Amino acid sequence: MTTSGPAPDGLRLAPFRGLRYVPESVGSLAAVTSPPYDVVVRPDGQRHLETADPHNVVRLILPHNADPTSRHRQAATALELWQREGVLAADPEPGLYLYEQRDGDHLQRGLIGVLRLTPPAERIVLPHEDVMPGPVADRAALMRATGANLEPLLLAYQGGGPAAEIVDRTAGTEPLLATTTEDGIRHKLWSITDPETLAAIDADLSPRQALIADGHHRWATYLQLQAEQSGPSPWDRGLVLLVDTAHYPLRVRAIHRVLPRLPVADAVEAARGVFRVRDVDGPLPVALDALGRAAAEGNAFLLAGDGRFRLLDRPDPAHLDRSVPHDQPREWRELDAAVLHSLLLDGIWRVPDVPEHISYLHTSESAVEQAERHGGTAVLMHPVDEAVVRRLARQGVTMPRKSTSFGPKPASGLVMRSLALG
């Protein structure tokens with residue numbers, strides 16, 4: 001994605017001294033990594049990661065303690081201790097990091113660095129989703145306590161210039177590390193430190209803008225922490241993974257909802273008369289295929305949680321017109337997430353958007369399992385087309401939160417940034 005005119009101070013991605021696990025000090029690199037903090041399914045997923053290795057990064061990104069202050073202090077203490085013990089060590093010189101993920105036939109490569117933070121009005125980094133104040137406050141407290149960016153957020157840009165050539169050329173050399181995580185994804189990391197190469201990357205990126213693919217709350221946190229400073233500081237930059245989607249298109253997947261306090265039978269009965277409601281055959285992949293066919297014609301949702309699958313589609317136009325806000329573009333008003341929250345959650349089911357009433361799950365399997373465990377309803381969504389996300393972002397229009405899941409997401413724990421290192 002490029003700006004409409006020259007922007008010499010657009011994307012400015014700077015090298016940094018990465019803080020990385022010392023392979024000899026841990027069981028394996030795979031055992032100390034984690035999905036991003038908001039993808040870990042609590043509590044089972046967190047416990048699984050914690051027991052994989054006593055130094056798993058989940059102990060830093062998701063410390064657990066009833067008291068938030070103690071929780072964040074716990075992460076800061078662990079981060080400091082692991083550096084003293086030689087479990088984590090800083091690379092000797094600053095660099096950008098080429099990061100490769102290979103998931104089956106899907107290959108993704110991008111650059112990890114510290115990006116100059118820019119105010120929203122400059123339109124350099126484009127959000128496409130709203131954020132909630134609670135997660136921003138929590139991430140800000142964690143970053144203040146640790147003095148670190150522990151996870152890179154994911155940004156997408158469309159380039160195809162010299163930076164892309166450097167990425168592919170570097171990928172042909174020996175990596176700093178290579179590991180395969182238990183989900184089967186293969187990860188590799190390289191460091192780029194040559195000054196001329198770094199200058200070429202900077203020149204290529206500087207006129208461009210990027211879309212936040214994943215990490216809206218962390219980006220909002222970066223901006224908040226920057227605003228708290230009285231002058232120039234290390235908080236003027238934040239850790240990101242920047243992917244050129246002209247070369248390496250991201251996957252776009254849906255984020256599903258689980259309503260633990262709403263039984264499926266009640267959800268279905270309330271929706272009748274506003275949506276067409278049909279039973280569809282399982283198992284889950286077959287039912288998702290039916291959802292995909294229905295979504296090609298309009299808004300559609302798949303409900304699960306009681307061992308059966310019901311498809312909601314063809315919402316009544318009059319109910320849509322009354323429920324979905326009119327102060328947004330037509331393309332926004334037709335989003336499944338907009339219809340779900342405005343018509344179903346707010347209007348028909350009257351489910352408040354708070355954690356005890358709605359959970360957001362990144363896989364349909366985990367959503368169904370959690371709904372069945374709690375006797376609730378899983379609302380399975382169809383992915384939004386990436387082109388729709390880009391068009392709305394260019395207009396400055398944000399989608400309802402948790403509308404999309406871009407990926408593959410960077411694994412947490414392969415490279416971190418300590419602000420004390422500059």
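Because the structure is a prediction, the values reported are computed rather than measured. Per-chain numbering applies: the sequence of each chain, read as written, is numbered from 1 onward. For a predicted model such as this one, the threshold for reporting local features is a pLDDT of at least 70, and the threshold for listing and counting side-chain atom pairs is 80 or more; totals across whole chains, interfaces and linings nevertheless cover every residue. Just so you know, side-chain values use all the structure's heavy atoms and leave hydrogens and water out.

(A) Structural context of the overall build of the protein. Here a strand is any run of E in DSSP of at least two residues, a helix any run of H or I of at least four, and the numbering for each starts at the N terminus. If you tally the helices and strands in the protein, you get 15 helices and 21 strands. Taken over the C-alpha trace, the protein has a radius of gyration of 22 Å; the compact-globule value for 422 residues is 22 Å, and the two agree within 12%. A burial count over the protein gives 54% of its 422 residues as buried. Carbon and sulfur atoms make up 51% of the accessible area of the protein, which totals about 17,700 Å². With the radius of gyration taken over C-alpha atoms, the globule rule is written as 2.2 Å times the number of residues to the power 0.38. When accessible area is computed with a 1.4 Å probe and restricted to protein chains, residues below 20% of their type maximum are described as buried, those above 50% as exposed, and intermediate ones as partly exposed. Throughout, the Shrake-Rupley method with a 1.4 Å probe supplies accessible areas, and for residues the shown protein chains are the sole cover considered.

(B) Looking closely at the side chain of Asn299. Its location among the elements puts Asn299 in the loop between α10 (284-295) and β16 (300-304). Taking the relative accessible area as the measure of exposure, Asn299 reaches 10% and is therefore buried. Polar contacts here mean pairs of N or O atoms no more than 3.5 Å apart (in protein, one a potential hydrogen donor and the other a potential acceptor; neighbouring residues in sequence count only if both atoms are side-chain atoms). At 2.9 Å, the side chain of Asn299 forms a polar contact with the backbone oxygen of Glu334. Of the polar contacts made by the side chain of Asn299, one reaches the side chain of Asp336; its length is 2.8 Å. Should any heavy atoms of two residues lie within 4.5 Å, those residues are considered in contact. Apart from residues lying up to four places away in sequence, Asn299 is in contact with Leu312, Asp313, Arg314, Pro315, Leu320, Glu334, Leu335, Asp336 and Val339.

(C) Examining the sheet that holds strand β14 (residues 256-259) more closely. When DSSP locates at least two bridges between a pair of strands, those strands are taken to pair. If you walk across this open sheet you meet the six strands as β15-β17-β16-β19-β14-β18, and the pairing is antiparallel. In the strand order of this sheet, the two ends are held by β15 (276-280) and β18 (359-361), each with one partner. Neighbour-to-neighbour, the strand axes of this sheet turn through a mean angle of 25°, independent of strand direction. Axis lines are fitted through C-alpha atoms, for helices just across the contact stretch, and the angle between N-to-C directions can take any value from 0 to 180 degrees. Each of β14, β16, β17 (309-313), β18 and β19 (377-380) is contacted by helix α13 (residues 336-348), which is oriented at about 60° to β16, the strand it contacts most.

(D) Inspection of the nonpolar core at higher detail. Core analysis: the largest hydrophobic core is formed by 115 residues, its most contacted members being Tyr21 and Trp349. Among the elements that make up this core, the one with the highest residue count is α13 (seven residues). Dropping the residues within four chain positions of it, Tyr21 is found in contact with Val26, Leu29, Val32, His55, Asn56, Val57, Trp82, Val87, Leu88, Gly413 and Met416. Think of a nonpolar core as a cluster: buried Ala, Val, Leu, Ile, Met, Phe, Trp, Tyr and Cys residues, connected wherever their side-chain atoms sit within 4.5 Å. The next biggest cluster of nonpolar side chains, apart from the first, holds 18 residues, and it includes Phe309, Leu311, Val368 and Leu380.

(E) How the structure looks around the pattern of salt bridges. We count a salt bridge whenever a side-chain nitrogen from Lys or Arg sits within 4 Å of a carboxyl oxygen from Asp or Glu. Applying the stated criterion to the full structure yields 23 salt bridges. Glu80 serves as the salt-bridge partner of Arg84, at 3.2 Å between the closest nitrogen and oxygen. Note that Arg84 and Glu80 are positioned in helix α4 (residues 68-84) at a spacing of four residues, about one turn of the helix. Taking the relative accessible area as the measure of exposure, Arg84 reaches 60% and is therefore exposed. The exposure class assigned to Glu80 is partly exposed, which follows from its relative accessible area of 47%.

(F) A look at α10. Residue count minus one, scaled by 1.5 Å, sets the expected span of a helix. Between its first and last C-alpha atoms α10 spans 16 Å; for twelve residues at 1.5 Å apiece the expected length is 16 Å, and the two agree. Listed in full, the buried residues belonging to α10 are Leu284, Ala287, Ala290, Leu291, Gly292, Ala294 and Ala295. Check the buried side of α10 and you find it contacts β15, β16, β17, α14 (364-374) and β19.

(G) Spotlight on unusual backbone geometry. The linkage connecting Gly282 with the following residue, Pro283, adopts the cis geometry, with an omega of 0°. In the Ramachandran plot, Arg123 falls in the positive-phi region, its phi being about 60° despite a non-glycine side chain. Of the residues examined, Arg123 reaches a relative accessible area of 27% and is grouped as partly exposed. Despite not being glycine, Arg314 shows a phi value in the positive range, around 50°. With respect to the element layout, Arg314 can be found in the loop between β17 and α11 (317-323).

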